[in-house]
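One-letter residues, chain by chain:
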Amino acid sequence: MLNHPRPSPIAAALYTLRDLEVQVVIMHGPQGCCFRTGRLLEDEGVRVLTTSMTEQDFIFGAKEKLTQTIQEAQEKFNPDKIGIVGTCASMIIGEDMHEAANDAQVKAKIIVVESHGGFGEGDNTAGAIATLNSAEKVGIISSKEVQRQSEMLKMATQIEKERGMAQGDYIQPNYGDNKVEIANKILNALQNNKKVTFVLNAKKETSYLFADILTIPWTKIYPDNHPQFICNIDENIGLPYIKQHAIQVQKEIDKKPDYITGGLDEYPLTGKKVREILLKDTPDLVIILGVPHAVDIKNLTCETIAVTDGPRLVKPLYDQGFTNVITELDAHSKTLGAKKIVESEFASTIRGLLK
C-alpha cells in the first residue's frame with residue numbers, strides 16, 4: 001500500500017508544549033530533527049534548542065549533553081518551564097532523559113516527553129497526549145483537562161482515518177475549485193435572498209486565517225439577508241493560550257455568532273454539533289471553514305462548500321459529498337505567531353468582487 005508522509009508525534013509534542021506556554025524546548029537528537037517546526041515555533045516566542053547528537057552519541061549516549069543544555073538554557077533564558085522532547089535517535093538507544101533532567105538541578109519545571117516518529121502506532125496525536133501526561137506529572141495541567149484534551153485528540157485521529165488524510169492510501173494533491181467562481185456563488189446566493197451559513201470549525205491558531213471571511217462587513221452589505229455564523233470559539237474552553245485565540249477572533253468578526261459550538265481545540269466534537277444545527281436549521285448554502293471533514297454532511301439538503309488548508313484533503317472532501325472545495329495554502333505557517341486575524345486568499349477574493 002502506498003502512503004504519503006503524515007505529521008509527526010514529535011511536531012505534535014512541540015506544538016502542545018507551546019500551548020502549555022513552555023518558554024524553552026530542547027530537542028534531544030541531531031540538529032536536523034523537526035527543523036521546520038522548531039523554526040516556526042521561534043515566531044511564537046518559544047526558544048527551541050537541540051543537543052545536536054552525533055554518530056558517536058548514538059553509540060555511547062548523550063545524557064551529559066542533555067544535562068548541560070538544560071543548565072545553559074536555564075542560565076540564558078531563565079524560563080519557568082522547560083520541555084524536553086525525544087527524537088528517533090535518543091529514544092531508539094533508550095536515553096534516560098528523566099535522569100538527565102534531575103541531574104541538571106534547575107529551578108524551572110521540566111516536562112520530559114518520550115516521543116519519536118514511531119511512537120505508538122505513529123499517530124501524531126500520540127505525541128500530544130504524551131506531552132499532556134508528562135505535564136500533569138509535574139503539576140502544570142489537571143488530570144481532568146488531560147482527560148478532556150486526550151479524548152479530543154483521539155476523536156481527531158479517528159476522523160482523519162475515516163474521512164481525512166490518514167485513510168491508508170496515497171492521495172494525489174488537488175487544489176480544488178476556482179476561488180472566483182465559488183466566491184461569486186456565495187455572493188449570488190446572498191443577492192438572491194438565499195440563506196447562507198458560514199461555519200468556523202477551525203483548529204487552534206488556524207482560526208486566525210479561516211475566520212478572515214467572517215470579518216467582511218456582511219451585516220452592512222446585506223442588512224436584510226446577512227449570513228448566519230456558527231463558530232467553535234468558546235472563550236471558556238481550553239488552555240489559556242488557545243482561549244486567547246477565541247477571544248481575539250470574537251473581537252474581530254463582523255457580528256456575534258448565531259451559534260457557538262465549543263472551543264478551538266474541540267473541532268472533532270464541534271463538528272458533530274454543527275451537523276445537528278444544520279439538520280434543524282438548514283440553509284440553502286453552507287460554507288465550512290477549517291476542518292470541514294469533521295462535519296458529516298450526509299443527508300444535508302443544501303449545497304456545501306468546504307474550505308481546507310490541505311491539498312490532500314480535497315479528494316476526501318469531494319468523496320464525502322461536498323459540492324465544492326477551496327484550498328487555503330500554508331495556513332499553519334501564516335498563523336504561527338499571529339495575534340490577530342490574518343488575510344486569507346478566499347476572503348481576499350470575495351473582497352475584490354465586492355469592490
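The structure under discussion appears in the preceding block.
Since the model is a prediction, treat every value here as computed from it, not as a measurement.

What counts, and at which threshold
Residues numbered from 1 in each chain as written. Predicted model: local features only at pLDDT ≥ 70, side-chain atom pairs only at ≥ 80, totals over all residues. Heavy atoms only, no water. Helix = DSSP H or I, 4+ residues; strand = E, 2+ residues; numbered from the N terminus. Rg over C-alpha atoms; globule rule 2.2 N^0.38 Å. Buried < 20%, exposed > 50% of the residue type's maximum accessible area, 1.4 Å probe, protein only. Contact = heavy atoms within 4.5 Å. Areas by Shrake-Rupley, 256 points an atom, 1.4 Å probe, with all protein chains shown as cover. Lys, Arg positive; Asp, Glu negative; His and termini not counted. Charge placed at Lys NZ, Arg CZ, Asp CG, Glu CD. Axes fitted to C-alpha atoms, helices over the stretch in contact; angles between N-to-C directions. Parallel < 35°, antiparallel > 145°, perpendicular 65-115°, else oblique. Left-handed = near helix turned anticlockwise from the far one by under 90°. Nonpolar A, V, L, I, M, F, W, Y, C, P; charged D, E, K, R; others polar. Pairing = 2+ DSSP bridges. Patch = residues over 30% accessible without salt bridge, like charges linked within 9 Å, V, L, I, M, F, W, Y side chains within 5 Å. Salt bridge = Lys/Arg side-chain N within 4 Å of Asp/Glu carboxyl O.

A.B. asks: If you had to explain the overall build of the protein chain to someone new, which residues and values would you point to?
C.D. replies: Looking only at helices and strands, the protein chain features 16 helices and ten strands. A compact globule built from 355 residues would reach a C-alpha radius of gyration of about 20 Å, and the protein chain, at 22 Å, matches this within 12%. The dimensions of the protein chain, computed from C-alpha atoms along their principal axes, are 70 × 45 × 35 Å. For the protein chain, the residues scored as buried account for 54% of the 355 residues in total. A sequence separation of at least 24 residues applies to 71% of the contacts in the protein chain between residues at least 6 apart. Accessible surface, the protein chain: about 15,900 Å² in total, of which carbon and sulfur atoms supply 47%. For the protein chain, the distance from the average position of its 40 positive side-chain charges to the average position of its 47 negative side-chain charges is 4 Å.

A.B. asks: Report on the packing of helix H4 (residues 63-77) against helix H6 (residues 97-104), specifying residues and quantitative values.
C.D. replies: For the pair H4 and H6, the least separation of the axes is 8 Å and the interaxial angle reads 45°. By the angle class used here, H4 and H6 are oblique. Note on packing geometry: the crossing formed by H4 with H6 is right-handed. Across the interface between the two elements, Lys63, Leu66, Thr67, Ile70 and Gln71 from H4 touch Met97, Glu99, Ala100, Ala101, Asp103 and Ala104 from H6. Of the residues contributing to the contact of H4 with H6, the split by class is six nonpolar, two polar and three charged.

A.B. asks: Could you give an account of the sheet that holds strand E3 (residues 81-86), naming the residues involved and the relevant values?
C.D. replies: Taken together, the four strands give an open sheet; going across it, the order is E2-E1-E3-E4, and neighbouring strands pair in parallel fashion. Of all strands in the sheet, those bounded by a partner on one side alone are strand E2 (47-50) and strand E4 (109-113). Put simply, the sheet's adjacent strands are angled 20° from each other on average, direction ignored. Direction of pairing for E3 relative to E4: parallel, over a ladder of five bridges. Looking across to E4, one finds that Ile82 is bridged to Ile110. Running at roughly 160° to strand E1 (residues 24-28), H4 makes contact with E1, E2, E3 and E4 of the sheet.

A.B. asks: Lay out a negative patch on the surface with the relevant residues and their values.
C.D. replies: Judged by side-chain charge, Glu64, Asp96, Asp103 and Glu114 come together as a negatively charged surface patch. Relative to the assigned elements, Glu114 resides in the loop between E4 and helix H7 (124-137). A relative accessible area of 39% means that Glu114 is categorised as partly exposed.

A.B. asks: Describe in detail the sheet that holds strand E5 (residues 196-201), supporting the description with residues and values.
C.D. replies: Strands sit in the order E7-E6-E5-E8-E9-E10 across an open sheet of six strands; the sheet is parallel. Across the chains shown, the open sheet's two edge strands, defined by having one partner strand only, are strand E7 (259-260) and strand E10 (324-327). Two strands pair when backbone bridges link them, and strand E8 (residues 285-290) and strand E9 (residues 303-308) are joined in this way by five bridges, in the parallel orientation. Among the inter-strand pairings, Ile288 is bridged to a residue of E9, identified as Ala306. Sitting on the sheet, helix H13 (residues 267-280) is in contact with E5, strand E6 (228-231), E7 and E8, with an inclination near 165° to E5.

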